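Close look at the chain arrangement
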Amino acid sequence: MSETTSTTSAPSAAPWGLLAQFDSPGALLRAARETCKAGYTCFDVYSPFPVHGMDQAMGLGRSKLGWIIAGGALAGFLTAVGLQYFVAWDYPLVHQGKPFYAWQPYTIVCFELTVLFASFAAVIGMFFLNGLPLWYHPTLKPTSFAKATDNGFFLTIESRDQKYSPTTTREFLEQLGAVKVETLEE
Amino acid sequence: MTTATIQPDLQRPQLVLGNKRIGDVTEIVSGIVEKKTTPLWWKIAATITGLGAVVVLNLNIFYLFTTGVGVWGLNHPVMWAWDITNFVFWIGIGHAGTLISAILFLMRQRWRTSINRSAEAMTLFAVMCAGIFPGIHVGRWWMAWFLAPAPSQWGVWPNFHSPLLWDVFAVSTYATVSVLFWYVGLIPDLATLRDRATGKLKQFAYGLFALGWRGSNRHWRNYEMAYLVLAGISTPLVLSVHSVVSMDFATSVLPGWHATIFPPYFVAGAIFSGFAMVLTILIPARQLFGLQDLITIKHVDNMAKVILATGCMVGYAYGMEFFTAFYSGNAFESFVFRNRAMGPYAWAYWTMVTCNVITPQFFWFKKIRQNVWLVLALCIFVNVGMWFERFVIIVTSLHRDFLPSSWGYFTPTWVDILTFVGSICLFLHLFLLFIRFLPMIAMSEVKGIMQGHSLMNADQPLDVHGRKE
């Protein structure tokens, strides 16, 4: 396969970026803060659990997911209202002398569908914002990265970053206290 | 590693014992799934429950479908009995999982991380068992699709004024949201198993469902938001589900059912029975897999306290039902309650009171709360008691109709009994499969709450235990 040749022989194309390993979440947090300060934008950190304070360290704002969920919730509510009023109109059922269009019995199904649609929006929206599912990614290739879901802490800087340079970026990462810096192939 | 220890201003209780590092959590939890040899007890238990779930349950349902609901002990005044009892019993058990995963999450009860995964799995399996009974009790089962508002040429729609239809929406929403919540929580751990997998098949299977998760913080940011919102919307959902179930009864005009106390009373009972079931299955699992450092005695203690609190609420509801019946001065209402305690079903009523009101009182004592085998024994009593509670509510209210000429008595047939046994086997079998093939403890969440992690800042590089490197 082409991927094995590209790692053994000298890569002709530009590498995807650099992968630096850190030995603690604290070191990773500091590294992220410094990388952000140094002006890098195409970088990311990887940890086996969400490290608190990392969003601020990376200069990331609040997740946009809330808006997607709000949209889902509204869609669910409107679906429930529409469905129930449509059914009352399409198939008027006389029972116990209750008015056809009473809103009180409809509240339960409105609540349930609001929750149902909002949950789907939360999950699908999360995947959408994260660009998942994505079964291939350059970081997933090196064996050392398997630790990212165990007890390893990693930072990548992509080669498409304007400040990226194969030599100075590597030095920068080593200065930050990376225990190991690797080049990632596309 | 052993030098200076940072003393935090406010010492948090240690949630993971044995001075573990985060890699150890991966090792212990994944180790259960990755073990090459399956334990003998698992094989025996899985075979027995598997046979029960596949053979006993299906044969009974087949017999029911081909013959009719008359194969159950149902009769004229008692038209709902074990079917709906089992339904409410199972759906109630599910509530503990959602309570642990959602409500305790919002309340920042960090100890929940060791038990939420298995409690959520238990929720799913309990809801599956619950779903069987309304589906098969409808008599003309080939018309069960009438439950859903499906457009048809007949132009017939379900009645949205009926609590039974609300129940369809509540339970199916609950089941769906529980699956989503559970799966979202599982993704980082599936990625862990993928990265550790040695065989091609495992790597493919875990990798497929891990969806390419790589622990990126740009992902964690959205992930945590999704998790928070799911917890936020599951909280009112879990409270609503059993409230809606209780409305199946409460909105009818039957004495014994027609009570405004029902929604909170059912919710408290659901959490009570659910926590008892969580402990019933987690205590053996914890011992058999040696998870005492992750599911600590503190967890058992906390859950026993929840059982005590909700048990007292349930006891209060039993008392209040009697008081309301007495204070209303309604002859029919008072008769139903006198009949419950002293009528033909007094044996069921007093079994319920013994198991649900007296049993949890033992949990006032720390010595008992911290003895896992005593806790297990008491929890089994609570499970039995909560099944009887639903039986008492349903059957004793029905068997004395308004007209004495239509009074009756319900006795279960062997089909009733075996269908219920089959559902228990299904529940246990699914749980056994779960603990063998999926991580039963949420590794990424446990790692996040390990001592010291929250105290870290960039200036003091500490390891996850809060110690200087």
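Residues numbered from 1 in each chain as written. Chains lettered and ligands numbered in written order. Predicted model: local features only at pLDDT ≥ 70, side-chain atom pairs only at ≥ 80, totals over all residues. Heavy atoms only, no water.

1. Quick notes on the overall build of chain A
What counts, and what does not: Helix numbers and strand numbers start at the N terminus; a helix is a DSSP run of H or I with at least 4 residues, a strand a run of E with at least 2. Here the radius of gyration uses the C-alpha set of atoms, whereas the globule reference equals 2.2 Å times the residue count to the power 0.38. Buried residues are those whose accessible area, probed at 1.4 Å on protein chains only, stays under 20% of the maximum for their type, while exposed residues exceed 50% and partly exposed ones sit between those limits. Here a residue-residue contact requires only that any non-hydrogen atoms of the pair lie within 4.5 Å. Note on areas: Shrake-Rupley, 1.4 Å probe, and residue coverage restricted to the protein chains presented here. Counted as positive: Lys and Arg. Counted as negative: Asp and Glu, with His and the chain ends omitted from the count. By convention, charge coordinates are those of NZ in Lys, CZ in Arg, CG in Asp, or CD in Glu.
Scanning chain A from N- to C-terminus turns up 6 helices and 4 strands. Listing every helix and strand of chain A by position from the N terminus yields α-β-α-β-α-α-α-β-α-β. The C-alpha atoms of chain A give a radius of gyration of 25 Å, which is well past the 16 Å a tight globule of 186 residues would have. Its C-alpha atoms put chain A at 80 × 40 × 30 Å along the principal axes. For chain A, buried positions account for 48% of its 186 residues. A fraction of 78% describes how many contacts in chain A between residues 6 or more apart in sequence connect residues 24 or more apart. Taken as a whole, chain A presents about 9,200 Å² of accessible surface, with 63% of it coming from carbon and sulfur. Within chain A, the 15 negative side-chain charges are centred at a point lying 6 Å from the centre of the 12 positive side-chain charges.

2. Overview of the pairing of strand β1 (residues 17-22) of chain A
Residue and element names in this part refer to chain A. Selection rule: Between any two strands, at least two bridges found by DSSP are needed for them to pair.
With respect to burial, β1 is a largely interior element, 6 of its 6 residues being buried. Bridge analysis of β1 against strand β3 (residues 153-158) gives 6 bridges, and the strand direction is antiparallel. Bridging from a neighbouring strand, Q21 pairs with F154 of β3. Across 5 bridges, β1 lies against strand β4 (residues 180-184) in antiparallel orientation. What sits directly across from L19, in β4, is E182.

3. A look at helix α5 (residues 163-196) of chain B
All names here are of chain B. Convention followed: By definition here, a helix of n residues has an expected span of 1.5 Å times n minus one. Here the bend at a residue is taken as the angle between two axes, fitted respectively to the seven residues that end there and the seven that start there. Any N or O atom pair separated by 3.5 Å or less is treated as a polar contact, with the protein-specific requirement of one donor-capable and one acceptor-capable atom, and with residues adjacent in sequence counted only for side-chain atom pairs.
Compared with the 50 Å implied by 1.5 Å per residue over 34 residues, the 49 Å span of α5 between its first and last C-alpha is a close match. At I187, α5 shows its largest bend, some 40 degrees, and a proline, P188, comes one to four positions later. Of all 34 residues in α5, 25 are buried; the element is thus mostly enclosed. A distance of 3.1 Å separates the backbone nitrogen of L164 from a side-chain oxygen at the start of α5, and that oxygen is part of S162.

4. Side note on the interface of chain A and chain B
For clarity, the threshold we go by: Buried area: the accessible surface (1.4 Å probe) lost by two parts on joining, summed over both. The salt bridge criterion pairs a side-chain nitrogen of Lys or Arg with a carboxyl oxygen of Asp or Glu, the two atoms within 4 Å.
Taken residue by residue, the interface counts 72 residues in chain A and 62 residues in chain B. Summing the contributions of chain A and of chain B, the shared interface buries around 5,900 Å²; its carbon and sulfur component is 67%. The three residues of chain A that bury the most area against chain B are A:F49, A:E112 and A:T149, which together make up 11% of that side's buried surface. For the pair chain A and chain B, the interface holds 1 salt bridge. With its nearest N and O atoms 4.0 Å apart, the salt bridge here joins A:D44 to B:R218. Looking at the side of chain A that touches chain B, the elements with two or more residues in it are α2 (25-37), β2 (43-46), α3 (54-57), α4 (65-90) and α5 (106-130) of chain A.

5. Examining the domain arrangement of chain A
Note the following rule: Each domain span listed reflects an automatic or database assignment of domains.
You can read the domains of chain A as domain 1 (2-62 + 144-184) and domain 2 (65-130). The distance between the C-alpha centroids of domain 1 of chain A and domain 2 of chain A comes to 44 Å.

6. Side note on the side chain of B:D83
All names here are of chain B. Mapped onto the secondary structure, D83 falls in helix α3 (residues 82-106). Buried charge without a partner: D83 forms no salt bridge, and the closest opposite charge is R390, 13 Å away. Every residue in contact with D83, bar those within four places of it in the chain, is listed here: W72, L74, F133 and H137.

7. Re the sheet that holds β2(A)
Residues and elements named next belong to chain A. The following threshold applies: All axes here are fitted lines through C-alpha atoms, helices being fitted over the stretch that makes contact, and every angle between N-to-C directions spans 0 to 180 degrees.
Read from one edge to the other, the open sheet built from 4 strands follows the order β2-β3-β1-β4, with strand pairing classed as antiparallel. Taken across any chain shown, the strands that pair with only one partner, and hence form the sheet edges, are β2 and β4. Each strand axis lies, on average, 20 degrees off the axis of its neighbour in the sheet, ignoring direction. Packing against the sheet, α2 makes contact with β1, β2 and β3, and its axis sits at approximately 20 degrees to β3.

8. Remarks on the packing of α3(B) against helix α7 (residues 217-250) of chain B
Residue and element names in this part refer to chain B. As a reminder of what qualifies: Reported orientations rely on four angle classes, namely roughly parallel under 35 degrees, roughly antiparallel over 145, roughly perpendicular from 65 to 115, and oblique for the rest. By the definition used in this description, the sense in which the near helix is turned from the far one sets the handedness, with an anticlockwise turn below a right angle giving left-handed and a clockwise turn giving right-handed. In this classification, Asp, Glu, Lys and Arg are treated as charged, Ala, Val, Leu, Ile, Met, Phe, Trp, Tyr, Cys and Pro as nonpolar, and every other residue, Gly included, as polar.
Interaxial distance between α3 and α7 falls to 9 Å at its minimum, and their mutual angle equals 155 degrees. When the interaxial angle is binned, α3 and α7 end up roughly antiparallel. As for the relative orientation of α3 and α7, their crossing is left-handed in sense. Between α3 and α7, the residues in contact are I84, F87, V88, I91, G92, H95, T98, A102, I103, F105 and L106 and Y227, L228, A231, G232, S234, T235, V238, L239, V241, H242, V245 and F249, respectively. Looking at the contact of α3 with α7 residue by residue, the class counts come to 16 nonpolar, 7 polar and no charged.

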